[in-house]
Amino acid sequence: MTPSRLKASLFLCFHLFLLVFLVVWFRNAIFMFMDDFQTDTIPSAELQYLREEIHLASKNMSLDNLKAAEWLPNVSGHEPLIPKIIHQTWKTDTVPEKWKAAQESCLALHPDYKYILWTDEMSRNFIAEHYPWFLKYFDAYPYNVQRADAIRYFVLLHYGGIYIDLDDGCQRRLDSLLYYPAVFRRTDPVGVSNDVMGSVPGHPFFSFIISKLASNAKSYIFPYPTIMFSTGPLSISFLWENYKNHLPKDSSASARIRIMLEEDYKLSNESYFTYFEGSSWHEKDASFILWANKHILGLIVFGFSTYFVLSYFVFSKFLDSRLCERCFFSRQHKVTLPLSEQEDV
């Protein structure tokens, strides 16, 4: 094999190995991009059906009249599963003016729900009392939003209910979401978000999330990736994909996670929520990351093209070095003299 062909073969073998390594390392992310959510998505028609049946039942003053269709995933017939509790978080019990209308819209629509605003002090006391093993990790988070993320998983596991970010206003009652053991909302282009979540007490997915919080408490140098990968939506999306892939085929419906579509979340007049000014935790690095997300395809093409040009240049220079010439090429080009010209030993 000529030196140029050997160099090309080594270059290709190296990148094949690198590709296999990256596929194995990022398999959850790859599976998430390939996942179409069809088996977990709550159809809009299903939610509409539930809303109509709940409305009719309320007129007749009895939930016994609610007819649960066979294709509904609820476990206990016509009884809701998630308790009527709304959880929200803020630093203190004084909500900023820009979010008061959002908070009041949820309170006005749900006077029969228990409402808990988890302040920083309440959150820490709750962890110290009920989950003392996690307190050192809770206190060690460098950003307060990580504690705000973490506490929502613990209180949903402990009490159940529906968590709502303060910048999400309520546009309709949430009763129809209570018929699922756990509800998240889909994000674009992939994954789920943690700004609106519902769960029964003790749901196994929230136990799984909490079991991984300590190992996910890593620094990624910049605030945005550190938050997103430790306690934020990206970490939950990866954990959800992992959890779903390891669920036994015969697992009960109560262990499943159901996904609400974007249009049911806050993109139409039929949506459950409305949008208020948010993202209070975004640092300066978030602006660049959000810009990059809008131009992701072009950046990927540019990045891979640049990488392969530069890597081939560096790889060629490395293979042309004396060390590689000595190891890989010297034996192939060693000249063997005829016996008559070799020196006598």
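Above this text sits the structure in question.
Residues numbered from 1 in each chain as written. Predicted model: local features only at pLDDT ≥ 70, side-chain atom pairs only at ≥ 80, totals over all residues. Heavy atoms only, no water.

(A) Quick look at the packing of helix α9 (residues 223-230) against helix α10 (residues 233-245). Between α9 and α10, the shortest axis-to-axis distance is 4 Å and the interhelical angle comes to 35°. Handedness of the α9/α10 crossing: right-handed. Between α9 and α10, the contacting residues are Met 228, Phe 229 and Ser 230 on the first element and Pro 233, Leu 234, Ser 235 and Phe 238 on the second. Partitioned by chemical class, the residues of the contact of α9 with α10 number five nonpolar, two polar and no charged. (Axes fitted to C-alpha atoms, helices over the stretch in contact; angles between N-to-C directions. Helix = DSSP H or I, 4+ residues; strand = E, 2+ residues; numbered from the N terminus. Left-handed = near helix turned anticlockwise from the far one by under 90°. Contact = heavy atoms within 4.5 Å. Nonpolar A, V, L, I, M, F, W, Y, C, P; charged D, E, K, R; others polar.)

(B) Local environment of the sheet that holds strand β6 (residues 182-186). Overall, mixed pairing links the seven strands, which are arranged β1-β8-β6-β7-β4-β2-β3 in an open sheet. With one partner strand each, in any of the chains shown, β1 (41-42) and β3 (114-118) form the two edges of the open sheet. As paired strands, strand β4 (residues 161-164) and strand β7 (residues 192-199) are joined by four bridges and run antiparallel to one another. When the bridges of β7 are listed, Tyr 163 appears paired with Met 197. Sitting on the sheet, α10 touches β6, β7 and β8 (258-260), and the angle it makes with β7 is about 65°. (Pairing = 2+ DSSP bridges.)

(C) Just the packing of helix α7 (residues 144-159) against helix α8 (residues 204-216), in detail. With their axes 9 Å apart at the nearest point, α7 and α8 run at an angle of 140° to one another. The orientation of α7 with respect to α8, classified from their angle, is oblique. Crossing of α7 over α8 shows left-handed handedness. Seen from α7, the contacting residues are Ala 150, Tyr 153, Phe 154, Leu 156 and Leu 157; seen from α8, they are Phe 206, Ser 207, Ile 209, Ile 210 and Leu 213. Class assignment for the residues of the contact of α7 with α8 results in nine nonpolar, one polar and no charged. (Parallel < 35°, antiparallel > 145°, perpendicular 65-115°, else oblique.)

(D) Representation of the side chain of Ser 271. Among the structural elements, Ser 271 can be located in the loop between α11 (262-265) and β9 (273-275). Engagement of the side chain of Ser 271 in a polar contact is seen with the backbone oxygen of Glu 263, the distance being 2.6 Å. Within the local environment of Ser 271, its side chain forms a polar contact with the backbone nitrogen of Ser 268, the two atoms lying 2.8 Å apart. Excluding residues that lie within four positions of it along the chain, Ser 271 makes contacts with Gln 171, Arg 172, Glu 263, Asp 264, Tyr 265 and Lys 266. (Polar contact = N/O pair within 3.5 Å; in protein donor to acceptor, adjacent residues only side chain to side chain.)

(E) Quick look at helix α3 (residues 44-59). Over its 16 residues, α3 runs 23 Å from end to end, which matches the ideal 22 Å to within 8%, given 1.5 Å per residue. Those residues of α3 that sit buried are Glu 46, Leu 47, Leu 50, Arg 51, Glu 53, Ile 54 and Ala 57. (Expected span 1.5 Å × (residues − 1). Buried < 20%, exposed > 50% of the residue type's maximum accessible area, 1.4 Å probe, protein only.)

(F) Geometry of helix α4 (residues 97-109). If you check which residues of α4 are buried, you get Trp 99, Ala 102, Gln 103 and Cys 106. One side of α4 holds all its buried residues, which, seen down the axis, span an arc of 95°. Turned more than 90 degrees off the buried face of α4, the exposed positions are Glu 97 and Ala 108. Summarising the contacts, the buried residues of α4 are in contact with β2 (85-89), β3, β4 and β5 (168-170). (Arc of directions from axis to C-beta.)

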